[in-house]
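Close look at the chain arrangement
One-letter residues, chain by chain:
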Amino acid sequence: MTDFIHLPAARLRPGTVALPGSKSISNRTLLLAALADNDCEIVSLLHSDDILHMRNALEKLGVHSRENASGSLSVQGCHGRFLQREADLFLGNAGTAFRPLTATLAVLGGNYQLHGVPRMHERPIGDLVDALRQLGAHIDYRGNPGYPPLHIGERSNNGQSTVRVRGDVSSQFLTALLMALPLTGQAHTIEVVGELISKPYIDITLNLMARFGVQVDNQDYAVFRLPENSVYHAPAVVHVEGDASSASYFLAAGLLSGSPVRVSGIGRHSIQGDVAFARELEKIGASVLWGDDFIEVSRAEGQAVLPFDLDANHIPDAAMTLAVVALASGGPCRLRNIASWRVKETDRIAAMATELRKLGAEVTETPDSIRIVPPAQLNQSVRIDTYDDHRIAMCFSLVSLLNTAVIINDPQCVNKTFPTYFEVLAGLQE
Ligand SMILES: O=C(O)C1=C[C@@H](OP(=O)(O)O)[C@@H](O)[C@H](O)C1
Ligand SMILES: C=C(OP(=O)(O)O)C(=O)O
């Protein structure tokens, strides 16, 4: 039986949402804290499936952590070497756990099985495996070549000091390599082959590595140099920012409803590229207020939501929210340079096209873009399928702010990054 949530057409009151922690920062911080040569307290960590997969994996690898009365998590660093040299790790559909753990375990060596949900076994990892093999890593594909599940064995030698990795399928391969290479103790150069996508996620990686004491020289996102004798050393406390991709639903709600909606936990100094979503909203009619710890979006009376044509490569996750905003724009909209959508939780270009058409939009897809012509009037009470993709569930919930009731199938898929999403959205309603 399909579970679903019925969202009646709704109006919002002005309100504030305290964002859950950033998925990208939470999983990077957990791994770096685990590898550090000291202990670290992590504040405002995200609680969701993707983070549980990383935490469970680290526990199986022998990393001790403790939840404090305040809700923070203390992690005991393992000095760049896991106690457990054999483990079977189930990582769900968490790219930010699967890719970095693959690189870390391949560099450290051992006897490890890494697997996930069926969709994870369709998400490419070959470019990362090819890069790790240049370092002498032993990795076998246990299913289809180029995809999980993987077996990781002992590393045979120190391999090359210059490693080449493709950057045009997922930036997570480069992130994984960057975080793992300091564990060799040697100097390394990474050369990125092909144009790197999703660049702002590399900024998050480099920012957090620097906070853990490892400075990487970034030459135009094409060549990265890591110094020898690097050791991760944790700051006493790391505060995880609110999740900027999760913020996109509420910021869009501010534009669509016109009622001021504020998100707290991120602000003008955020290290997450997805805060650029607010700037894109500003270009299409939003009024945006930037604080140190909040972003607020509203729309002036009489101001329309405008159509757009955007290269969204820098904000692949938040761009899905724009695809739904397009329904309110009164004209053709296009999102370009988003080929990576096809290899994420589902084929997101195909899925968004199918679901937007149910609402009456005319949609054209290419291998790396989507064009959306909104209908004069949206179809009522459409059932949106979610393809086990949290972002499809969250972005289509915004249809309820367009005088249109909508049904979202299998809404529990939001557990990947935002388990309380529908309660928080309901809390903003009049
Ligand atoms: O490094 C990260 O934290 C992420 C990188 C992005 O993936 P790609 O680099 O595959 O686009 C993004 O879509 C994902 O949700 C999180
Ligand atoms: C692509 C995403 O997830 P992952 O970290 O699994 O790649 C996402 O959250 O939109």
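These numbers were taken from a predicted model, which means no experiment stands behind them.

Okay, the packing of helix H1 (residues 23-35) against helix H2 (residues 49-60) next. Put simply, H1 and H2 touch, their axes get as near as 9 Å, and they point 10° apart. Classified by the angle between their axes, H1 and H2 sit roughly parallel to one another. On the side of H1, the interface is formed by Lys23, Ser26, Asn27, Leu30, Leu31 and Ala34, while H2 contributes Asp50, Ile51, Met54, Arg55 and Leu58. Counted by class, the contact of H1 with H2 contains six nonpolar, two polar and three charged residues.

Moving on, we come to the UniProt feature "active site" (unreviewed entry) in the protein chain. According to UniProt, the feature "active site" (unreviewed entry) maps to Asp317 in the numbering used here. Among the structural elements, Asp317 can be located in the loop between strand S18 (309-311) and helix H9 (319-325). Excluding residues that lie within four positions of it along the chain, Asp317 makes contacts with Lys23, Tyr201, Ser245, Asp274, Lys344, Arg348 and Arg391.

This part covers unusual backbone geometry. Cis geometry is adopted by the peptide bond preceding Pro149, which originates at Pro148 and carries an omega value of 0°. You can see Pro149 is positioned in the loop between strand S8 (139-141) and strand S9 (150-152). Located in the positive-phi region is Asp388, a residue other than glycine, with phi close to 55°. Here Asp388 shows up in the loop between strand S22 (382-384) and helix H11 (390-396). Note on Asp388: relative accessible area 57%, which makes it exposed.

This part takes up the pattern of salt bridges. Applying the stated criterion across every chain, the model contains 23 salt bridges. For Asp347, the salt bridge is made with Arg342, and the minimal N-O distance between the two is 2.9 Å. A relative accessible area of 24% places Asp347 in the partly exposed class. What you see here is one network of salt bridges that share partners, running through Asp50, Asp317, Lys344, Glu345, Arg348, Asp389, Arg391 and Lys416.

A few words on the UniProt feature "binding site: 3-phosphoshikimate" (unreviewed entry) in the protein chain. Following the UniProt record, the feature "binding site: 3-phosphoshikimate" (unreviewed entry) maps to Lys23, Ser24, Arg28, Ser170, Ser171, Gln172, Ser198, Asp317 and Lys344 here. One can find Ser170 in the loop between strand S10 (162-166) and helix H5 (172-180). With residues near it in sequence (within four places) discarded, Ser170 still touches Arg99 and Ile197. At 3.0 Å, the side chain of Ser170 and the backbone nitrogen of Gln172 are in polar contact. Along the chain, Lys344 falls in the loop between strand S19 (333-336) and helix H10 (348-358). A relative accessible area of 15% places Lys344 in the buried class. When sequence neighbours within four positions are dropped, the list of residues in contact with Lys344 reads Arg119, Arg123, Pro316 and Asp317.

This next bit is on the packing of aromatic side chains. Any two aromatic rings considered together are summarised by their centre-to-centre distance and by the angle between their planes. The full count for this structure, using the stated rule, is five aromatic pairs. With a centroid separation of 5.4 Å and an interplanar angle of 75°, the aromatic rings of Phe418 and Tyr421 are classed as edge-to-face. Of the two residues, Phe418 and Tyr421, both sit in the buried class. Centre to centre, the rings of Tyr421 and Phe422 are 5.2 Å apart; their planes meet at 80°, and the pair counts as edge-to-face. For Tyr421, a relative accessible area of 0% puts it in the buried group. Put simply, the rings of Tyr249, Phe250, Phe418, Tyr421 and Phe422 touch in pairs and so form one group of aromatic residues.

Glancing now at the sheet that holds strand S11 (residues 188-193). Here we have four strands laid out as an open sheet, ordered S10-S11-S13-S12, and mixed in their pairing. Looking at the sheet topology across the chains shown, the edges are occupied by S10 and strand S12 (217-219). Ignoring which end each strand starts from, the neighbouring axes of this sheet average 20° apart. Bridging between S12 and strand S13 (residues 223-226) involves three bridges; their strand directions are antiparallel. Counted as the bridge partner of Asn218 is Phe224 from S13.

A few words on the side chain of His188. Structurally, the position occupied by His188 is in strand S11. Reaching out from His188, the side chain makes a polar contact with the side chain of Thr184 at a distance of 2.9 Å. Contact partners of His188, with chain neighbours within four places excluded, come to Leu135, Gln160, Ser161, Val163, Leu181, Phe224, Arg225 and Leu226.

Running from N to C, helix H7 (residues 244-257) and helix H8 (residues 276-283) point in directions that differ by 15°, and their axes come no closer than 10 Å. Between H7 and H8, the interaxial angle falls into the category roughly parallel. Note on packing geometry: the crossing formed by H7 with H8 is right-handed. Two secondary-structure elements touch here, H7 through Ser248, Leu251, Ala252 and Leu255 and H8 through Phe277, Ala278 and Leu281. Each residue belonging to the contact of H7 with H8 can be placed in one class, and the counts come to six nonpolar, one polar and no charged.

As a further point, take the site of ligand 1. Around ligand 1 sit Lys23, Ser24, Arg28, Thr96, Ser170, Ser171, Gln172, Ser198, Tyr201, Asp317, Ser340 and Lys344, and that is every residue in its neighbourhood. Between ligand 1 and Ser170, the relevant distance is 2.6 Å, taken from an oxygen atom to a side-chain nitrogen or oxygen of the residue. Within the side chain of Ser171, one N or O atom sits 2.5 Å away from an oxygen atom of ligand 1. Protein chains shield 96% of the accessible area of ligand 1, which is 390 Å² for the free molecule. For the shell around ligand 1, the element with the most residues is H1, which contributes three residues. For the shell around ligand 1, the per-class residue count stands at one nonpolar, seven polar and four charged.

Reading the values: the criteria
Residues numbered from 1 in each chain as written. Chains lettered and ligands numbered in written order. Predicted model: local features only at pLDDT ≥ 70, side-chain atom pairs only at ≥ 80, totals over all residues. Heavy atoms only, no water. Axes fitted to C-alpha atoms, helices over the stretch in contact; angles between N-to-C directions. Helix = DSSP H or I, 4+ residues; strand = E, 2+ residues; numbered from the N terminus. Parallel < 35°, antiparallel > 145°, perpendicular 65-115°, else oblique. Contact = heavy atoms within 4.5 Å. Nonpolar A, V, L, I, M, F, W, Y, C, P; charged D, E, K, R; others polar. UniProt positions renumbered as here; feature names shortened; annotations may be inferred. Buried < 20%, exposed > 50% of the residue type's maximum accessible area, 1.4 Å probe, protein only. Salt bridge = Lys/Arg side-chain N within 4 Å of Asp/Glu carboxyl O. Polar contact = N/O pair within 3.5 Å; in protein donor to acceptor, adjacent residues only side chain to side chain. Phe/Tyr/Trp six-rings, centres within 6.5 Å; stacked < 30°, edge-to-face > 60°. Pairing = 2+ DSSP bridges. Left-handed = near helix turned anticlockwise from the far one by under 90°. Near = heavy atom within 4 Å. Areas by Shrake-Rupley, 256 points an atom, 1.4 Å probe, with all protein chains shown as cover.

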